[in-house]
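# Tertiary structure, described
Below are the chains, spelled out letter by letter.
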2 protein chains.
Amino acid sequence: MSRVLALEVSDVRFPTSRELDGSDAMNPDPDYSAAYVVLRTDDGPDGHGFVFTIGRGNDVQCAAISLLAPYVVGRDVEQLCANLGGLSRELVSDSQLRWLGPEKGVMHMAVGAVINAAWDLAAKRAGLPVWRLLASLSPEEIVDLVDFRYLTDALTREEALAILRAAEPGRARRLAELEADGYPGYTTSPGWLGYDDAKLARLATEAVADGFDLIKLKVGASVEDDVRRLRVARETVGPDVRIAIDANQRWSVDEAVPWLRRLREFSPWWIEEPTSPDDILGHAAIRAGAAPIRVATGEHVQNRVIFKQLLQAGAVDVVQIDATRVGGVNENVAILLLAAKFGVPVCPHAGGVGLCELVQHLSMFDFVAVSGSLEGRAIEYVDHLHEHFVTPVRIERGRYRVPVDPGSGAEMHADSRRRFAYPDGEVWRAEG
Amino acid sequence: MSRVLALEVSDVRFPTSRELDGSDAMNPDPDYSAAYVVLRTDDGPDGHGFVFTIGRGNDVQCAAISLLAPYVVGRDVEQLCANLGGLSRELVSDSQLRWLGPEKGVMHMAVGAVINAAWDLAAKRAGLPVWRLLASLSPEEIVDLVDFRYLTDALTREEALAILRAAEPGRARRLAELEADGYPGYTTSPGWLGYDDAKLARLATEAVADGFDLIKLKVGASVEDDVRRLRVARETVGPDVRIAIDANQRWSVDEAVPWLRRLREFSPWWIEEPTSPDDILGHAAIRAGAAPIRVATGEHVQNRVIFKQLLQAGAVDVVQIDATRVGGVNENVAILLLAAKFGVPVCPHAGGVGLCELVQHLSMFDFVAVSGSLEGRAIEYVDHLHEHFVTPVRIERGRYRVPVDPGSGAEMHADSRRRFAYPDGEVWRAEG
């Protein structure tokens, strides 16, 4: 019998603000970071997970994760892995910790990291990548993962079961299709605000040459700059490559609409995060005012309750899940089911530290067992920091190859965790 | 010239879970706590503030507050106090820390505590209680306190100015009225779920004898129990005393409606927190389905963006601000202005640790300078832990007397902070 011996937390930060990679209208100087957690066991594999942050506060995020140790330390690993729905409900229901959210921000992301680490552990023990483990579950087992509290006015357990059962017959075919062709990706690499026009054009050309047919540009600091940069991008890639744009929450609702109308001539594929991620009614108003530009959001959406409403209100054309913002795999399964119910495609947020490695599992599970569709779907890809991961993503001709190694993809090389440990790792000591 | 020497944080917890005071359907065993902050100055008064939590995680909340030290330590006190709108915008705009929310949960409450401490400092230096300081500002100075980002589709700076200017002529008269008669309160003391029927009836009788004409009962764990307890309460107080009920987020939307229809015969004055505080559309649906029961929420509403939408959607009849959940006095001023724009009364959440002491200033300011009305308004009152505060609230005949001492009311006795310090104060050492 194997037990969880310890919940170990480490503060890992990459000094990315030295370059302007990752710069956008709201985040000028991020140091991409991970509040990293290991569920250490006394026998067999450990479970790895993390919260992605952009620097300051990563220590507080680590402290929040540590608070959850009593829920896992000492527990039987097999029982823990056999009831990940139960673990999720326990962690979300700690009444004292719940007060710090509820189900949002630092405390909720901490819950997500621990749940994701438990999934990594369960998948490694099963000898499967997480997406394959998820896709091996029955519809009943899948709905048992989901906390339907606050969802049932939009999605009941029975409705979720019906969605999953409808997708069952095609599972094997879609799984084979994924293994053969991979899952579509799109790239943000050309579009950071800190890049000049020449670099933008060069990187856009490279992206298309690499096989991507969807690229993304940051916008929102200056409308004149946005017009110029979108023109450069459109002239570079031609009419057939899709260009999404991303304002990173820069605008109020009434600023967004006229700004977007200025950009419509370049046929943006979607506008991402036009305003506060909390503003359901605002996204609906922007969608109406800026049509036909499609509206996307989600990387900062705090939980399933906000996603539910974005869908109920017809506020979004694209749901952008994030692997470490909400309560882990379980809450993301709920969000995939909600999106399927409303017929809205999911195009995950990625990049950061290890978000590509994690979120690909959710999209591939979605294709095999939930939505059954690739239409209008793509996973964000940023070619950044993958070398720190034990099983980095593999991209070929703009598509994610299926992960084949057991686990969630979260495991970072021990050497990277040591060197980039904050503030005492060698990289930061050299900085100081 | 005075400077801020240090931002000092302490973890203060009261072992309230030993009693069942504060028990409700979601929070069975709270240890009422404060993540307490002092802005220490080298000359003149210090500034005090805190975040109210219910126990575990108070240390993480303290750590989040500490992250904000660079924004205040070393600064000129006079300049800081002269531009509290600027301080608020700076704290909310730290891009790395903002990632941890944005503007929600642990990090946003930390921002609120520091802003509130700066208000305490400013008011003490001015020799005024916060409500009087606020009510002495011109409409232009008041709108300068507000961050209108994400609000302008519902409330512009010009509309806020118009509301404040319309209220200007009556300020002196209403101020005199408040000083003579105080501000209405209501009490939750009889209604905790942990109390048996006899204790409920005894405390309800006492509340009415004490002058309260509005009491509140916790509901949501069992509909049969709720029917019985509401019957006991209604028979005890008669038809003329209002009874509000509070479900503390226990229900999904489709559970709430039939449950509330069972309780309609007792004419509840409002249903508070029927579901997730994030569920704007859910509150609107419950309001429609359970009419004529009025809907109230807010103590867990994370920021002005959610309040804006609750008002835009016609989802609430009562806005319940909380002094330490959002980004401090500044964001609460924004919320008071939003409520005034939509003509919805504000009845603050209080109780906890020191929430009565803090929030009374906001309601009194609202009456003098914003809404100009007491109609349908009352501040929650719980007779609990006031003895730990240097300037505790004063209640007479069910009404809050105006605070007269300089400051925000946040300052806790140094001796209380020492004795209840967690985990090393004498109270907790005795526990261990």
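For clarity, every value in this text was computed on a predicted model and none was experimentally measured.

### Digging into the overall build of chain A
When you go through chain A residue by residue, the secondary structure sums to 19 helices and 12 strands. Expected size for 432 residues packed as a compact globule is a radius of gyration near 22 Å; at 21 Å, chain A falls within 12% of this value. Based on the C-alpha atoms only, the size of chain A along its principal axes is roughly 60 × 55 × 45 Å. Every one of the 432 residues in chain A was classed for burial, and the buried ones make up 66%.

### What about the interface of chain A and chain B?
Contacts between the two partners involve 61 residues from chain A, matched on the other side by 61 residues from chain B. Where chain A abuts chain B, roughly 5200 Å² becomes buried across the two surfaces, and 54% of that area is made up of carbon and sulfur atoms. Together, R56(A), Q96(A) and W99(A) form the three largest contributors to the area buried by chain A at its contact with chain B, with a combined 18%. For the pair chain A and chain B, the number of links is six salt bridges. Here K308(A) ties to D279(B) by a salt bridge, and the two come within 2.5 Å at their closest N and O atoms. Counting the contacts that link chain A with chain B gives 35 residue pairs in polar contact (both at pLDDT 80 or more). When residues of the side of chain A that touches chain B are traced back to their parent elements, those giving at least two are strand 3 (47-53), helix 1 (58-66), helix 5 (95-98), helix 6 (105-126), helix 13 (253-263), helix 14 (280-290) and helix 15 (304-312) of chain A. Here the residues of the side of chain A that touches chain B sort into 26 nonpolar, 19 polar and 16 charged.

### With respect to the side chain of S2(A)
All names here are of chain A. Inspection of the secondary structure assignment puts S2 in the segment before strand 1 (4-13). S2 gets classed as buried once you look at its relative accessible area, which sits at 9%. At 3.1 Å, the side chain of S2 forms a polar contact with the backbone oxygen of D43. Once residues within four sequence positions are removed from consideration, S2 is found in contact with T41, D42, D43, R75, D76, V77 and R125.

### Here we look at the state of the cysteines
This structure, assessed with the given rule, holds zero disulfides over all chains. In this structure C347(A) is not part of a disulfide, and its nearest cysteine sulfur, from C356(A), lies 14 Å away. Owing to a relative accessible area of 0%, C347(A) belongs among the buried residues under this scheme. The thiol of C62(B) is unpaired, and the distance to the nearest cysteine sulfur, on C62(A), comes to 17 Å.

### Observations regarding the relation of the copies chain A and chain B
Between chain A and chain B, which share one sequence, the superposing operator has a rotation angle of 180° and an axial displacement of 0.0 Å; the RMSD is 0.0 Å. The symmetry that links the two subunits is that of a two-fold axis. Across chain A, the smallest distance between a C-alpha and the rotation axis is recorded for G105(A), namely 2.4 Å. Comparing interface residues between copies, 100% of those in chain A also sit at the interface in chain B, which points to an isologous, same-surface contact.

### Overview of the pattern of salt bridges
Opposite charge on two side chains lets them pair, provided their charged atoms get close. Residue and element names in this part refer to chain A. This structure, assessed with the given rule, holds 67 salt bridges over all chains. Salt-bridge contacts for D213 lead to R242; the nearest nitrogen and oxygen are separated by 3.1 Å. In this pair, D213 is assigned in the loop between helix 11 (197-209) and strand 5 (214-218) and R242 in strand 6 (residues 242-246), connecting sequence segments 29 residues apart. A residue is classified by how much of its surface remains accessible, and R242, at 23% relative accessible area, is partly exposed.

### Re the pairing of strand 2 (residues 33-41) of chain B
Each regular strand carries side chains that alternate between the two faces of the sheet. All names here are of chain B. Strand 2 sits mainly inside the fold: eight of its nine residues count as buried. Bridge count between strand 1 (residues 4-13) and strand 2: nine bridges; the pairing is antiparallel. Bridged to A6 within strand 2 is R40. Pairing of strand 2 with strand 3 (residues 47-53), which is carried by seven bridges, proceeds in the antiparallel orientation. Residue pairing across strands places V37 opposite G49, the latter belonging to strand 3. Between strand 2 and strand 3, which pair antiparallel and follow one another directly, the connecting turn spans five residues, one of which, G44, has a positive phi of 85°.

### Quick look at the pairing of strand 8 (residues 294-297) of chain B
Residues and elements named next belong to chain B. Burial along strand 8 is two-sided: the face carrying R294 and A296 and the face carrying V295 and T297 are both buried. When strand 7 (residues 270-272) meets strand 8, the two strands line up parallel, connected through three bridges. Directly across from W270, in strand 8, lies its bridge partner R294. The parallel pair strand 7 and strand 8, bridged by helix 13 (residues 280-290), forms a crossover whose chirality is right-handed.

### Description of the sheet that holds strand 2 of chain B
All names here are of chain B. In space, the three strands of this open sheet follow the order 1-2-3, with antiparallel pairing throughout. Looking along the sheet, the strands with just one partner apiece sit at the ends: strand 1 and strand 3. Mean inter-strand twist for the sheet, computed between neighbouring axes without regard to direction, equals 15°. Set on the sheet, helix 1 (residues 58-66) makes contact with strand 1, strand 2 and strand 3; between it and strand 1 the angle comes to about 170°.

### Focus on the packing of aromatic side chains
Under the defined criterion, the tally for this structure stands at 20 aromatic pairs over all chains. The interplanar angle of 80° and the centroid separation of 5.3 Å between the aromatic rings of W99(A) and F52(B) together place this pair among those described as edge-to-face. Residue W99(A) is found in the loop between helix 5 and helix 6, and its partner F52(B) is found in strand 3; the two belong to separate chains. Among the residues examined, W99(A) registers a relative accessible area of 7% and is labelled buried. Since its relative accessible area comes to 3%, F52(B) is described here as buried. Linked through ring pairs, Y32(A), F52(A) and W99(B) together constitute an aromatic cluster. One residue, K341(A), lies across the ring of F342(A), its end atom 5.6 Å from the ring centre. In this arrangement the basic side chain of R149(B) is found over the ring face of Y150(B), its NZ or CZ atom lying 5.9 Å from the centre.

### A short note on the sheet that holds strand 1 of chain A
Residue and element names in this part refer to chain A. Pairing is antiparallel across the open sheet formed by three strands, whose spatial order is 1-2-3. Bordering the open sheet on either side are strand 1 and strand 3, each of which pairs with just one other strand. Strand after strand, the sheet turns through a mean of 15° between neighbouring axes, direction not considered. Sheet strands touched by helix 1: strand 1, strand 2 (33-41) and strand 3. Its angle to strand 1, the strand with the most contacts, is close to 170°.

### Notes on the nonpolar core
Counting 302 residues, the largest nonpolar core has V319(A) and V319(B) as its most contacted members. When we break this core down by domain, the ones giving at least three residues each are domain 1 (4-129 + 416-431) and domain 2 (167-413) of chain B. The contact partners of V319(B), leaving out residues within four places of it in the chain, are T297(B), F307(B), L311(B), I335(B), A339(B), V344(B), P345(B), V346(B) and C347(B).

### Notes on the packing of helix 9 (residues 171-181) of chain B against helix 16 (residues 355-370) of chain B
It is the contact of helix 9 of chain B with helix 16 of chain B, at a shortest axis distance of 8 Å, that shows an interaxial angle of 145°. Residues R171(B), R174(B), L175(B), E177(B) and L178(B) of helix 9 of chain B touch helix 16 of chain B, and the partners they reach there are M364(B), F367(B), V368(B) and A369(B).

The rules behind these values
Residues numbered from 1 in each chain as written. Chains lettered and ligands numbered in written order. Predicted model: local features only at pLDDT ≥ 70, side-chain atom pairs only at ≥ 80, totals over all residues. Heavy atoms only, no water. Helix = DSSP H or I, 4+ residues; strand = E, 2+ residues; numbered from the N terminus. Rg over C-alpha atoms; globule rule 2.2 N^0.38 Å. Buried < 20%, exposed > 50% of the residue type's maximum accessible area, 1.4 Å probe, protein only. Contact = heavy atoms within 4.5 Å. Buried area = accessible area lost by both parts, 1.4 Å probe. Salt bridge = Lys/Arg side-chain N within 4 Å of Asp/Glu carboxyl O. Polar contact = N/O pair within 3.5 Å; in protein donor to acceptor, adjacent residues only side chain to side chain. Nonpolar A, V, L, I, M, F, W, Y, C, P; charged D, E, K, R; others polar. Disulfide = S-S within 2.5 Å. Least-squares fit on C-alpha atoms with pLDDT ≥ 70 in both. Pairing = 2+ DSSP bridges. Right-handed = clockwise from strand over helix to strand, strands pointing away. Axes fitted to C-alpha atoms, helices over the stretch in contact; angles between N-to-C directions. Phe/Tyr/Trp six-rings, centres within 6.5 Å; stacked < 30°, edge-to-face > 60°. Lys NZ or Arg CZ within 6 Å of the ring centre and 35° of its normal. Core = buried A, V, L, I, M, F, W, Y, C linked by side-chain atoms within 4.5 Å. Domains from an automatic or database assignment.

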